[in-house]
Amino acid sequence: MSFAQKLERLTRIVPGVAGYQDKETSRDTDKTIRLRLVTELEQIKRDLEEDKKQLMEKRNLSLLPALDRVASKLDKLGNLVKYAGRGYRGFFDTYKLDQKKLDQLYTFDLGLLDGVEAIKTQAKQVHESHGDTVVLKKTIDDMDRFLDQLEKIFSTRQDILTTK
């Protein structure tokens, strides 16, 4: 996918994103994308809270700890994404973003957005599998592992900005 195609896809997913061309735009774009990610993660967590209520009503309490663990990981990832901005401001001031880094940043951000879409799909599977405890447990476990991976991936974002 070309640089222009990545930017176009990013602007379709997150309205108002202009790009990372200058320092101020970079900060605004970074914040807009991160806030969109946080909003999506918060909605997923709210949906899972509804699933927990349904399980409690059915008196199926065995998987509540696993859903609580996933909800905690959603919170943790959301906070990591939400508060990352404090560190990025300095990076944009110190490091120049050339075309290659911009391309890497767009690719990275699109990957994060795709990751959140994958989590939404898994959350939907959680909702749809209430009748089958085995499938529900597997789906929750998959979601748990995927959230761990997404957290590790997000923590590498600053490397794009700081490596020469």
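Presented here is a report on the structure given in the accompanying data block. Along each chain, residues carry numbers from 1 onward, in the same order as the chain's sequence is written. Where totals are concerned, whole chains, interfaces and linings use all residues; where local detail is concerned, this predicted model gives features only for residues with pLDDT of at least 70, and gives and counts side-chain atom pairs only at 80 or more. Excluding hydrogens and water, the side-chain values take into account all heavy atoms of the structure.

**Some points on the side chain of Lys73**
The secondary structure listing takes helices from DSSP runs of H or I that are at least 4 residues long and strands from runs of E that are at least 2 residues long, numbered from the N terminus. Along the chain, Lys73 falls in helix α3 (residues 64–82). Of note is the side chain of Lys73, whose polar atom sits 2.8 Å from the side chain of Asp148. Apart from the residues within four sequence positions on either side, Lys73 is in contact with Asp144, Leu147 and Asp148. Side-chain atoms alone can form a polar contact between residues adjacent in sequence; in general such a contact is a pair of N or O atoms within 3.5 Å, and within protein one must be able to donate a hydrogen while the other accepts it. Contacts are assigned to residue pairs that have any heavy atoms within 4.5 Å of one another.

**Digging into the environment of Lys120**
Structurally, Lys120 is set in helix α5 (residues 99–128). Exposure remark for Lys120: the relative accessible area of 31% places this residue in the partly exposed category. Expressed as a C-alpha distance, the spacing of Lys120 and Leu41, which sit 79 residues apart in the sequence, is 8.4 Å. In this structure Lys120 touches Glu40 and Ile44, once residues within four positions along its chain are discounted. A distance of 2.8 Å separates a polar atom in the side chain of Lys120 from a polar atom in the side chain of Glu40. Only protein chains enter the calculation, and the probe is 1.4 Å; a residue is then buried if its accessible area is under 20% of its type maximum, exposed if over 50%, and partly exposed in between.

**Focus on empty space enclosed by the protein**
Throughout, the protein atoms alone are placed on a 1 Å grid, and a set of points is a cavity if a 1.4 Å probe fits but cannot get out or a pocket if it is open with protein on both sides within 12 Å along at least five of seven lines; lining residues have an atom within 4 Å of a point. Grid points are joined across faces, edges and corners, and a volume is the space filled by probe spheres set on the points. On inspection of all chains with the given rule, the structure shows 1 cavity of 30 Å³ or more. In this structure, the largest cavity occupies an estimated 40 Å³ of space. For the largest cavity, the full set of lining residues is Leu37, Leu41, Leu77, Val81, Leu112, Val116, Leu150 and Phe154. Secondary structure elements with two or more residues in the lining of the largest cavity: α2 (23–57), α3, α5 and α6 (133–155).

On their own, these measurements won't tell you what the molecule is for.
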